[in-house]
Structure formats: structure tokens, C-alpha cells
Amino acid sequence: MSSDAVILQYENLTLAAGRTPVSGMLRAGEIKGLAGLEGHGQEQFLLALAGFDQPQGGTVRIRTAGEDFADYSSHHAAARHGVVYLPRDRRSTGIFPVLSVLDNFGIPSMPRFSLAGILNRGRQKEALAAYTDFLSIRYPSMTAPISALSGGNQQKVLLARLLALEPRVMLLNDPTRGVDLNTRLKFYEAFRQLARDKGIALVILSSEIEEILQICDTVSIFRDFERTEVIEKEAMTMSRVIAAMFGQNEVAL
Amino acid sequence: MNMILKHLTGNRALVAYAGVLLVFAVGAMLIPGFASLFSIRAMLILASLLAIAALGQTLVMILGGIDLSIPFVIGFANVVFASLYGGGMPAWVALAIVLAGAAMIGAFSGAISAALSIHPLIVTLGVGTVVQALVQIWTRGLPTGSAPPFINEFVSLGGSVGPLPFPWLIPFTLALTIATIFVLRRTIYGRKLYALGSNPKAAELALIRPVVMWAMTFSLSSIFAALAGIFLLGFTGSSSAGVGTPYLFQTVAAVVIGGTALIGGRGGFIGTIAGAIVLVELRTVLIGIGLSEAMVQSALGVLILLLVAAYGRDQHIRNLI
Amino acid sequence: MTARSESPGRLARFFAERQDTRLAALLFIVLLAANIWLNPARFMPHNWGSVLGLAAPLLLASLAITIPFLAGRGSIDVSVGPLLGLINVIIVKGLIMTADVTSPLVIVPAALLIGLASGVLNGFLAAILRIQPIVATLATYLIYAGLALAILPSPSGSAPAWLTALAGPWSILPIGLAALVWLFVKRLPYYDLLMATGSDDRAAFTAGVNVPGVRFAAYLLAGFFAGLAALSLTALIGSGDPNIGPGYTLIAIAAVALGGVSLAGGVGGMTAAFLGAADIFLLQSMLTAFNVSTFVLQMAYGAVLVLAVCLNSEKLKRHFKARAAPR
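What you see is a predicted model, and the numbers here were worked out from it, not measured in a lab.

1. Comments concerning the overall build of chain A
Then, in step 1: Within chain A, the secondary structure is distributed over nine helices and twelve strands.
Then, in step 2: The globule rule puts the C-alpha radius of gyration for 253 residues at 18 Å, and the 18 Å found for chain A is close to it.
Then, in step 3: Expressed as lengths along the three principal axes of its C-alpha atoms, the size of chain A is roughly 55 × 45 × 35 Å.
Then, in step 4: Each of the 253 residues in chain A was classed as buried or not, and the buried ones make up 47%.
Then, in step 5: Contacts in chain A between residues far apart in sequence, at least 24 positions, make up 63% of those at least 6 positions apart.

Listed below in C-alpha cells is the structure:
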């Protein structure tokens, strides 16, 4: 697959009643940022791409093989097609607090590491070991409870969880929220590598504009449940993005 | 904090096994004949029946639910199997029909509890009541029939497995235990069960379908309750819709004494086995020291409170924040 | 859903505001109409006392069952049923038959005190000692049921005339007292703490609420109402019976679920409990008019319960609302 092939198309996603719908596409290897003031529709947009709560009439299509595209309207179907989602609140919707690191990593990807419903723990552990290297995750042992890990390492385990699904599109809801600086830099490096080497398209919703400036190719600005602006890499500056978030042309910082 | 918790959960089952030994020692001291082969065999059979009935309750509680329909399903299986077999149906066909019926009852309860977010306590209570009433209407309150000889033999006090002095029920329960532990630890279903019990919201995002899981798990609960009901038929000899009544409390107690918390995500079947044995031992001791049936019930209530207070307590609210 | 402010009349407002009890209220009206149509003589004003007397044990038991539910996080008191039976046999066997005490000045306080004592025990076990409420109260369920059978192995004895009058012309007394106590509780700051604890105990705790204390008091109140229910029950059956109590637990749980009390906590109250219990009672009364067997009656309870909680389900309502108003 060439790195600029369109892998996802979305049409007429209405983020709130009466607002202008959003349409567009994602290319392989693209890193798209989503920004906006809290609660201006960027999260709804991300969730719609992930297959949750899709608005009436809108469609999201993923390239299956060759020139074929398939619609999906649930997060299960999305994941089957390689579209995966990282939730925002790690503690309440991400981790399984009493379960081990291995289980926290492996729950959604179990079918890949099993035969007739019986898990092959060996292969699962190999996979985790590989992602542990890639993301430099630190944990006492694979059987230690996830809650024994630092927030950053928990987040890395959750990212590894998504990678084990062999995604083509990763939808990340504020992935570096509450994470230390080193982990953050590791994440940026990983995102770039995933986009460049594996052709994964990433959509990153972030509450930190600097982060978007650092890693995203484009940023879509959301205001009042509409996508008001799309800024390309060359034109991306802090003041430009903030101005767009507030619905103004430019602000002096 | 959670390391300690995990450690304690592991230990709770151990504590329960310590309880098994302790109660046995007390019984052997207080009651002549308590440690005899006959008495041990009887207790093992009763504990096996309870453990089978409590298997499903364990799964349901790992999920964070509770199944109050177990006694009603036991009664359903007991009466319907006896009637079908008594009416001339081959035992295996009757068995299949009863287990399939039970599976449907459980699947219904589980599915609507999860799909409509209704507390399973209410749903299983309502469904159980309906099931029991239907059975009673069907038999007009006068159940008939009996168990086929091979089931009598399977659970009989005088049964034997080759040279070993106990019926096939004992090795069957042992095999069932090993299978359950394997399923819980090494299968997709088992791990999903713990994940869903541990954090339902995260589980849904991690591609677990709660309605399917709940339907499957309650279905299993009903199937094992039905199995216990059929074995009870072989044990008691005649059918009765009320035969399951004591199992409502006893399954819950066995699971909790075994260290599975009702909040979900923790525990396992090894502990439940210990819980079942402790309960049967306690009952035997209380009857053995000459208490009336009514006082046995009261004393059992007190003892269970003491046991659970010793190691089965919840966390303080301040630790939940 | 917001109430339409222009809608006149208390009834209309009730239906607009009380979503949770709306179903039970509708059912109540339908069942009452059906009952009156089937058996007009029974529902004449001069019979109201005895009809209420018949319903009173269930109404009060349902109120007792409701209070712990309000406190949330699995709070439940399943021992209410056997407690009714235990108080009943203690009054009849212990006071009337053995000690020959028949004065209301002894019997009424005794019943309420035993109820409160049970509340203290359950509250201590479930709220202070933090044993899972269902396990704790199932254990006290066993204890009470066993004790009742040990005290009075088979039904016998009789109740004094003043007591049986509580199931006839004076049946309003226990119900009225319960209602007054509940209305009083609703005016206390405690009520707000109870509902706050039930809705979100963590937030309540963070805000400084003594969550275990609030839950403890909920069991205490449940015990008090169970004491009243036991008086009504003794009045109704006019004797001691160790077997009749335990059955009330399941029916009362069914009644409050029907009334719209949420087991998750923070939703419900006396209206919900009474409406749910009245529905069950009227259903029972209607089916008895058709001479159906107890089994059919039992099936009707179960079916109505499952159906009602399904229809009351928030998730279902949201689903239909989303269908009705596409955005």
C-alpha cells in the first residue's frame, strides 16, 4: 500500500443537531490532530470515527482490499477492520485494575493468540515482550497487577493493547494526558515510527497544542460542533491554532 | 495497595481450606463417628452437590452479578427430569431437554440484566419465581417420577469407583473443578469474565460484548444448577419443586467464604470448593451436637457471619476513591 | 425530562415528574378499577379498613425493604421477612401465651424495639463491619427464621382484640404512623444525606458525609418499619405463625422494584414502595377473585416483576427516546 493511499473516508458526520456535517478522509501514514476548546465536538468526531454513537445519516468507510470500502457502525466492526480507539480516562475506562499486565495488554487481541478459545500464553507473552521493547515499558513482571505500574507505563500498556490488534487507523483520545515527559517523548517517537514505517494513520485528539505542533501533519479545529478550520503543517503555529479555537483570525501571543 | 489485595484474594481461598481442616478437627473431637469413612463420604457427596450448584454462582459473582434463580432452576430440573423420565422418555433425551431448558432460562436472565442494566437480583428473582410457578402448574403441585438407576448409582452413599469407596460424583466434581480452573485461567471466556467483572466500561471498549458474556454466564449458572437438581433427584429418590430452597443461601455463602467478592473481577472456583466443604461440615457438626433443624439454621447464620467477618469484608469507602 | 410547568393539577404534575413511579401509579389505577369492577362490595367505604389491613403488612414490609436500597452500593436488607415472623412469634408466644401480657403499652414498644434491635444488628454487620449487605442480611435471615421456628414450632396462639382491630377498623394506625415517621425523616437533613450517599457515595464521602453512619441509620429505619409491619401482620393473622414471615422478603423486593425503587440507590421513597406493594396486593386480590391457584398467582408476581423492571429500565427509555427524536 502506498503511503498516501486513502484508507478511511467519512461523510456527513453531524456532531450536534443543526450543525454543518463533517466530511473528509484519512491517508495511510498520516497524523491528524484534533483541537478545540473542551466540549466543542472534537471528541464526538473521534468517537464517530471509532464507531460509537454515530450520528444519523453519516457514514464512515474503511478500505478493505484494493479499491473496496466497507461501512461500519459499531466499534467491534471498526476494530475488525483495523480501526482502534484509545479512551481518554485511563483509570475509569482503560485499565482493569485487579488484572495482570499481560491481561491488560491482551484482552481485546486474545483471538489472535488462541486456538478454539484456548489461549496460547506463550505467544501472547512474546507479543507483549516485543511491544515492551518498542515502547520501553517497565513493569516488575507480566503477571504483576497493572495498578503496580506508573501512570505512564499503564498508558504504554494500553497503547500496546491497541498495537496487538494490528491496526491500520489509530484513534487516540488525549494519549499523553497525565503522563511524564519522558514517556511523552517516547510516545511521539512511537507515533512517528508507526506512521512512517507501518503506514498507520493516526488521529490524535490533544488538549496540548504544543504536542499537536510537534507531531501532527494537519490539525482540524473544532468549534461549536463544526470543523471550522484545517491547518496544514507549514501554516501551523501556536497563535494560529489558538485563534482558530476561539474563532478568530489571529491573536498576538 | 492492590498488590496486597491480590495477595489477600489468593490467601482467602487458603484461609477457607484452613477452615476446612479446623472444622474437621473440631467435629472429630466433638462428635463420635464424625471422622468415620461413612461420615466423610456423606459430607463429600453433599459438598459436591453444593459445589456443582455453586459453580455458576461463582462465575456470576466474578462478573459482579448474583443469581437468585439457582434454587428455582434446581427445582425445575429435579421435577421436570423426573417427570420426563418417569413418562418413559430415555434418560439422555430428558437430560438434554432439561439442560437446554435451563440454559435458556439463564441466558434470558443474563441477557436482559445486561441489555437493560437491571440488577440481576431482581431479574433472577422474577424469572425464578415464574419458572417455579410454571413447574408447579405443569405438575399440579404433585411431582411424580424418579431418577434412572445410573444416576442413583452415580451419587449413591454406597457407590464405588472400582476399589475406591465413593461414588462417581466425587471424581466427576474433581474433574469439573480442574476444567473450571482451566477455563477461568486459560481461555478467552475466562479472561473476559474477569475483565468484565473488574471494569465493565473498560471491558466494553476492549471489545468485550457484555450482553453475550452475561447471557453465557447466567446460562452456565442455570445449567450447573440443573445438573445439581438432577443429581439431587438421584440422591433423595423422589422429586420435589422445593428441593433447591436451601441452595439459595448456601451457594452465595460458599462462594463468599471461598473468597470471591461480590463486586466482581476477583476470586475463583478453588475457594468455592472449600466454602462448600466448610458449610457441609458445619451443618454436620451442628446436627451432630444435637441441635434441632431450626437451631442449626440459626447457628449456621451466626457461624457464617463470623467467618465472613474474619476475612471477607469490603473495603472502607475512603479506599474506593 | 422536564415537567411542563403549565400543566395544572397535582396528578398531572405527579405523572410528569415522577418517572420512576409512573408505571406503578398507572398500574395501580388500572388494577384498582378492575378490582372495584370485579368485586364492588369489597371496596365499599365501610370495608376500607379491612382491605387496608390485608394490604398493610406488605405495604410496611416494602417500606422497610426500600430504605436500605436508597443507601446504594448493594445495601439491602433481606432479613425483613423473617424478622416479621420472629416479632410475630415473640409477641404471641413470648408475651401473650407465656407472660400473659396483652397490653398495647407493652406489645407495641416491644415490636418496635425488636425491629430496631434487628436494624442495629444489620446496620452494624453491613455498614460498620462491612460484610457484603446481601451476605450479612441473608445470615440474619437464617438466624431469625431459625429462632422463630425454635420459639414456636407450629402456628398457635391468639392476638388480643385491640391488636386484631389493627387489621380491621384501625388498620390506618400503623400505616399512618409509618407515613408520619417517613414524612418527618424527609424533613431532616438526614434524608438528603441518605439520597446523596445512594446516588454517589464517593462524592458524598468526599463532601464530608459519614457514609457508614448514614447506611447504619438506613438499616435502623428499616428495622423500625419492619416492627410496624410485624404488628400489622400479627393483627391480620391473629395468631403466631413461624412460617409466614420469610415469604414477605421476596414479595416486598418485587413490590419496590415494581414501584421504581432503584437497587443502585438514591431513587425511590415511600410513594414508590406503597404503590408497588399496592399493585402486588391488588393483583393478588384480582386473581383470587378469579379463583386461580397460588401457582398462577406466583407466576403473575414473577411475570409482572420482570416486565415492570424492564419497562422501568433507564436504558430502554433512552433507547426509545433516541428513536423518537433523531438528531
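2. A short note on the interface of chain B and chain C
Then, in step 1: With 44 residues of chain B at the interface, the matching set in chain C holds 44 residues.
Then, in step 2: Listed by contribution, the elements that provide at least two residues to the side of chain B that touches chain C are helix 5 (120–139), helix 11 (247–257) and helix 13 (293–311) of chain B.
Then, in step 3: If you tally residues by element for the side of chain B that touches chain C, the top one is helix 5 of chain B, at 13 residues.
Then, in step 4: When grouped by side-chain class, the residues that make up the side of chain B that touches chain C number 28 nonpolar, 13 polar and three charged.

3. Some words on the packing of helix 2 (residues 37–62) of chain B against helix 11 of chain B
Packed helix pairs are specified by the crossing angle of their axes together with the interaxial distance, meaning the distance between the axes.
All names here are of chain B.
Then, in step 1: Where helix 2 meets helix 11, the axes come as close as 8 Å, and the angle between the chain directions of the two elements is 65 degrees. Seen along the crossing, helix 2 lies across helix 11 with a hand that is right-handed. Here L50, A53, A54, Q57, T58 and M61 of helix 2 come into contact with helix 11, specifically with Y247, Q250, T251, V252, A254 and V255.

4. Considering the environment of A201(A)
Then, in step 1: Along the chain, the position of A201(A) falls in strand 10 (residues 201–205).
Then, in step 2: Each residue touching A201(A), except ones within four places of it in the same chain, is listed here: I7(A), L8(A), L26(A), R27(A), A28(A), G29(A), E30(A), R168(A) and V169(A).

5. Comments concerning the domain arrangement of chain A
All names here are of chain A.
Then, in step 1: Examined at the domain level, chain A breaks down into domain 1 (1–31 + 49–81) and domain 2 (84–175).
Then, in step 2: The distance between the C-alpha centroids of domain 1 and domain 2 comes to 25 Å.
Then, in step 3: The interface is formed by seven residues belonging to domain 1 together with six residues belonging to domain 2.
Then, in step 4: Looking at the side of domain 1 that touches domain 2, the elements that each hand over two or more residues are strand 1 (6–13), helix 1 (42–50) and helix 2 (75–80).
Then, in step 5: Residue composition of the side of domain 1 that touches domain 2, grouped by class: six nonpolar, one polar and no charged.

What counts and how
Residues numbered from 1 in each chain as written. Chains lettered and ligands numbered in written order. Predicted model: local features only at pLDDT ≥ 70, side-chain atom pairs only at ≥ 80, totals over all residues. Helix = DSSP H or I, 4+ residues; strand = E, 2+ residues; numbered from the N terminus. Rg over C-alpha atoms; globule rule 2.2 N^0.38 Å. Buried ≥ 20, exposed ≤ 12 C-beta atoms within 10 Å, placed from the backbone. Contact = placed C-beta atoms within 7 Å. Nonpolar A, V, L, I, M, F, W, Y, C, P; charged D, E, K, R; others polar. Axes fitted to C-alpha atoms, helices over the stretch in contact; angles between N-to-C directions. Left-handed = near helix turned anticlockwise from the far one by under 90°. Domains from an automatic or database assignment.

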